[in-house]
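Spelled out, the chains give:
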Amino acid sequence: MSMPVRSADLYTHIDTILRAAVGTRAIVYLGHVPDSHPTIPDSNGLPRPYLVVWPSPGTAIDDEPVAGGPDLTGQHVRFTITAVAHDPTTVLRVLDDIRPQLTGCPVGDGIIRPDVEQQNSVRPLVDPDIRPARHYMPTDWWTQITRL
């Protein structure tokens, strides 16, 4: 039996895909946003948009192989990518940059898929407690993978 997919390796791969998709238009963070982010301006002097990948460890694929029990080498992994910018339109533009790159993207023997119901119902939100105010939108994604 092969070893389970390591979550850190999967998210390193996703990070690479996102960085290629946004280039210098946005910054990509994995699970943490540094306090100094608002001091990094874009070409217009506005806080640079960014994406945050909120990882999860995944769960064993719930099927019963011939030997019995769940397949611990395969993982069903859900994760959230939050786009953040100074206004809702820029949030949507950043998501427009990544959506076609992630949707259907092969990762190992899996394919990244959007959580369609969540993405159809999410709306831009605003965090007024941070100056300047930040608009953000979390989008959920998933994949089922047994090897990278």
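Computed from a prediction, not measured in an experiment: that's the story for all the values here.

Peer 1: Explain the overall build of the protein chain to me, using residue names and the numbers behind them.
Peer 2: On a plain count of helices and strands, the protein chain comes out with 3 helices and 9 strands. Helices and strands in the protein chain line up, N terminus first, as α-β-β-β-β-α-β-β-β-α-β-β. By the burial criterion, 38% of the 148 residues in the protein chain qualify as buried. Considering only contacts within the protein chain whose residues lie at least 6 apart along the sequence, 63% involve residues at least 24 apart.

Peer 1: Can you explain the side chain of Gln119? Please cite residues and give values.
Peer 2: In this structure, Gln119 sits in helix H3 (residues 116-121). What makes Gln119 buried here is its relative accessible area of 16%. Gln119 has contacts with Arg99, Pro114, Thr139, Asp140 and Trp141, leaving out every residue within four places of it along the chain.

Peer 1: If you had to explain the pattern of salt bridges to someone new, which residues and values would you point to?
Peer 2: Evaluated as defined, the whole model comprises 6 salt bridges. The closest approach of N and O atoms between Arg19 and Asp15, which form a salt bridge, is 2.7 Å. Placement of the pair is Arg19 and Asp15 together in helix H1 (residues 7-22), with a separation of 4 residues, close to one helical turn. Residue classification places Arg19 among the partly exposed residues on the basis of a relative accessible area of 42%.

Peer 1: Got a sec to walk through the packing of aromatic side chains? Specific residues and values, please.
Peer 2: Using the criterion set out here, one finds 2 aromatic pairs in the structure. A ring pair is formed by Tyr11 and Phe79, whose centres lie 5.9 Å apart and whose planes are at 85°; its orientation type is edge-to-face. With Tyr11 in helix H1 and Phe79 in strand E4 (residues 71-85), this residue pair connects regions lying 68 residues apart in the sequence. In this structure Tyr11 comes out as buried when scored by relative accessible area, which is 4%.

Rules and cut-offs
Residues numbered from 1 in each chain as written. Predicted model: local features only at pLDDT ≥ 70, side-chain atom pairs only at ≥ 80, totals over all residues. Heavy atoms only, no water. Helix = DSSP H or I, 4+ residues; strand = E, 2+ residues; numbered from the N terminus. Buried < 20%, exposed > 50% of the residue type's maximum accessible area, 1.4 Å probe, protein only. Contact = heavy atoms within 4.5 Å. Salt bridge = Lys/Arg side-chain N within 4 Å of Asp/Glu carboxyl O. Phe/Tyr/Trp six-rings, centres within 6.5 Å; stacked < 30°, edge-to-face > 60°.

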